[in-house]
Amino acid sequence: MKKRSSKNLKINTRIIISSVMAIVIPLVIIAVSSPLLISTTASYFNFSTVTTNTFGTVNQMQWNQTVSGIANELAGDDSSEKKLRSIQGFVAPLERLNSLIYIECDGKYFYSTKNGGDVLEKANRIVRIDNDRNINYFSGNGLVIVNHTDSPEGRYRVVIVNNDYTVNDASGRISVYELRNLLLGRTGIIVLIIVLLFIVSITVLSFITSKTIVSPIKKIERGADEIARGNLDYKIEYKSTNELGRTVDSFNKMRARLKQSIEQQNKADEQRKALVAGIAHDLRTPLTSAKGYAQGLLDGIADSPQKQMKYIKTICSSIDDTERILDDLLTVSRMELSSYRLNKNNVNAVAFFSDCAEEISAVLEKADFSFSYKINCAKNTEISVDTDRFARVIGNIISNCIKYTREDVKGRVEMTLNEYESSVILEISDNGIGVDRESISKIFDIMYRADPARSKVSEGSGLGLSVCKQIIELHGGFIWANSNENAGLSIFISLPKEEMIK
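These numbers come from a predicted model, not from an experiment.

Calculation notes
- Residues numbered from 1 in each chain as written.
- Predicted model: local features only at pLDDT ≥ 70, side-chain atom pairs only at ≥ 80, totals over all residues.
- Heavy atoms only, no water.
- Pairing = 2+ DSSP bridges.
- Helix = DSSP H or I, 4+ residues; strand = E, 2+ residues; numbered from the N terminus.
- Axes fitted to C-alpha atoms, helices over the stretch in contact; angles between N-to-C directions.
- Contact = heavy atoms within 4.5 Å.
- Salt bridge = Lys/Arg side-chain N within 4 Å of Asp/Glu carboxyl O.
- Buried < 20%, exposed > 50% of the residue type's maximum accessible area, 1.4 Å probe, protein only.
- Expected span 1.5 Å × (residues − 1).
- Phe/Tyr/Trp six-rings, centres within 6.5 Å; stacked < 30°, edge-to-face > 60°.
- pLDDT = per-residue confidence, 0-100.
- Polar contact = N/O pair within 3.5 Å; in protein donor to acceptor, adjacent residues only side chain to side chain.
- Core = buried A, V, L, I, M, F, W, Y, C linked by side-chain atoms within 4.5 Å.

**Q** Just to check I follow, could you spell out the sheet that holds strand β2 (residues 108–112) for this structure?
**A** Strands pair in a sheet through their backbones, by hydrogen bonds, and they do so in one of two ways: parallel or antiparallel. Read from one edge of the open sheet, five strands run β2-β1-β5-β4-β3, paired in antiparallel fashion. The open sheet has two edge strands with one neighbour each: β2 and β3 (135–139). Sheet twist, expressed as the average angle between the axes of neighbouring strands with direction ignored, equals 15 degrees. Pairing between strand β4 (residues 142–151) and strand β5 (residues 154–162): nine bridges, direction antiparallel. Residue Leu143 lies in a different strand from β5, and its bridge partner there is Asn162. Helix-sheet contacts for helix α3 (residues 80–96) involve β1 (100–105), β2, β4 and β5, and the interaxial angle to β2 is about 45 degrees.

**Q** Explain the pattern of salt bridges here, please?
**A** Counting across every chain of the model gives eleven salt bridges. In this structure, Asp150 and Arg155 form a salt bridge, with 3.0 Å as the shortest nitrogen-oxygen distance. With a relative accessible area of 53%, Asp150 lands in the exposed category.

**Q** How should I be thinking about unusual backbone geometry in this particular structure?
**A** Backbone phi values are negative for most residues with the exception of glycine, while trans is the configuration of most peptide bonds. At Asn98, a position not held by glycine, the phi torsion is positive, near 65 degrees. Following the sequence through the fold, Asn98 ends up in the loop between α3 and β1. One non-glycine residue, Asp106, lies in the positive phi region at around 55 degrees. Mapped onto the fold, Asp106 is located in the loop between β1 and β2. A residue is classified by how much of its surface remains accessible, and Asp106, at 49% relative accessible area, is partly exposed.

**Q** Even after reading the chapter, I still don't get helix α10 (residues 387–403), so can you show me in this structure?
**A** For an α-helix, 3.6 residues make a turn, and residues three or four places apart therefore share a direction. Under the 1.5 Å per step criterion, the end-to-end length of α10 is 24 Å for 17 residues, consistent within 8% with the ideal 24 Å. Considered for burial, the residues of α10 that qualify are Phe390, Val393, Ile394, Asn396, Ile397, Ile398, Asn400 and Cys401. Structurally, α10 contributes buried residues whose contacts are with α9 (349–366), β8 (382–385), β9 (412–419), β10 (423–430), α11 (464–474) and β12 (489–496).

**Q** What exactly am I supposed to notice about the pairing of β3 here?
**A** On a regular strand, one side chain projects to one face of the sheet and the next to the other, so that they alternate. The pairing of β3 with β4 spans five bridges and is classified as antiparallel. Bridge assignment links Ser139 to a residue of β4, and that residue is Gly142. Where β3 folds back onto β4 in an antiparallel hairpin, the turn is made up of two residues.

**Q** Explain the packing of aromatic side chains to me, please; I cannot follow it from the model alone.
**A** Remark: the centre distance and the inter-plane angle together describe each pair of aromatic rings, the angle taken between the planes. Evaluated as defined, the whole model comprises nine aromatic pairs. A centroid spacing of 5.6 Å and a plane angle of 55 degrees characterise the contact between Phe138 and Tyr165, whose relative ring orientation is tilted. Note that Phe138 is positioned in strand β3 and Tyr165 in the loop between β5 and α5 (176–184), a separation of 27 residues in sequence. One aromatic cluster is present, formed by Phe55, Phe138 and Tyr165 through successive ring pairs.

**Q** What is the right way to look at the confidence of the model for the protein in this model?
**A** Detailed reading of the predicted coordinates is not advisable wherever pLDDT falls low. Model confidence for the protein is summarised by a mean pLDDT of 79, while 78% of its residues fall at 70 or above. Residue range residues 171–179 is modelled with pLDDT below 50. Its contacts to residues more than four positions away, or to other chains, number one contact.

**Q** What exactly am I supposed to notice about the side chain of Ser99 here?
**A** Counting through the fold element by element, Ser99 comes out in the loop between α3 and β1. Classification of Ser99 by relative accessible area gives buried; the value is 2%. Among the polar contacts listed, one links the side chain of Ser99 to the side chain of Asn162, at a separation of 2.7 Å.

**Q** For this particular structure, what's the right way to read the nonpolar core?
**A** Nonpolar side chains tend toward joint burial in soluble globular proteins. Phe390, Ile397, Ile428, Ile443, Ile491 and Ile493 are the most contacted members of the largest nonpolar core, which has 40 residues in total. Those elements giving two or more residues to this core turn out to be α9, β8, α10, β9, β10, α11, β11 (478–483) and β12. If one sorts the elements of this core by residue count, α9 sits on top with eight residues. Residues Val67, Leu74, Leu97 and Ile160 belong to the second largest nonpolar core, which totals 21 residues.

**Q** Where do I start with the sheet that holds β10 in this structure?
**A** Ordered by their spatial adjacency, five strands build an open sheet running β7-β9-β10-β12-β11, and the pairing between neighbours is mixed. The open sheet has two edge strands, β7 (370–376) and β11, and neither has a second partner. On average, each strand axis in the sheet is tilted by 15 degrees relative to the strand beside it, whichever way the strands run. With seven bridges joining them, β7 and β9 adopt parallel strand pairing. Counterpart to Tyr373 in the pairing with β9 is Met415. Strand contacts of α9: β7, β9, β10 and β12, with the helix running at about 175 degrees to β7, the strand carrying the most contacts. With respect to the sheet, α10 is in contact with β9, β10 and β12, its orientation differing from that of β10 by roughly 25 degrees.

Here you go:
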């Protein structure tokens, strides 16, 4: 299986993870460091004892810590004397702040502040207390705390009263001095540390996330600039399965297709230029010949009926050559149109090619060629062809066999029809001059001809085999050649078979 990579994360996923981590990481840091922070903060703010009679967050924490310490001592297994000594250590700082403390166990006296008088009565003057309910009352009238604790000796009740307790007016506007103390004091420092943790985490995660997104975008931008400058070989190097990776992959495919399209266009332009130049050259030769002989007739050079007939035949031959070139050119142009369609019908392969063989035999006999035809195909095999267009293919190939014969060698053409599982292959071989290995792949190109000087226009326009290739491909088939120089040329045509005749 393909190894997953963080590079493959989608952009939405990256943003979500970044946002979540920006919250989770500071919370984890605070949670991990909270024991040390609490310990340090408790010591820094002196939470273990009450230091002021003014209501505030720290003051409440101090009272809670102190009352909790007293309750823990009373709930222990120590003797009453030891508990009393420990309790005196807790209550001494409270009594210095004019607090009165009364402790009883199962309704019996256990401890009371000296000169405290009736602590319960003073507590009830501030707020009504219940024998079985805990109370934490902080007001401008005073402070009352009642706490119950169970122990092996019995149920303890602790009552704390302070008539000098102060609660600031919450509706009053905080002064600049108090605000400055809050921001620059201990509480402000803790809040500032927490805020800084969040800011640093968000900044670092945002930088990492933006880098993973911006980096490939910059690569795409650089690739676009290279293509704009015409460098179609530039490839963006970025592998990922996320949106950016797919964008880069599409960009590279677009660049490759654009390069291929331009190369094909350039090749087509070169072929078109060669076609125009070749046709112009090939048309000039017969037209020049026809014009020269026609001028000879006008000038009276042909002064006998025999010469006049010779001149007229030459002019007609030149016109035929010109017509053949234009006909081939028109055929190629028509087949290049996307709207060009064949008129195909299902025909019996053996019957169709046998008819072709009869026509070929008649043509070759006039050219003093020998001809043989072999059939290795079932009698009920069908193919789908446009018979007129396919006859044009056979005619062009046979015409080439006649044109490119070797001197002092009797021409010979062999045609063989072979059947395979899904196709039939027609082979037409001759014993002519053949084609060298370097040229064998070019003989189906437009305007290609083995005669580089293009002087023998009567031997062909260079469009014949190109027309054959286009017609065969429109049939869904293939055409190729095999040759050895001075040993003849073999043309192979493969056509798909239709359903067998029942």
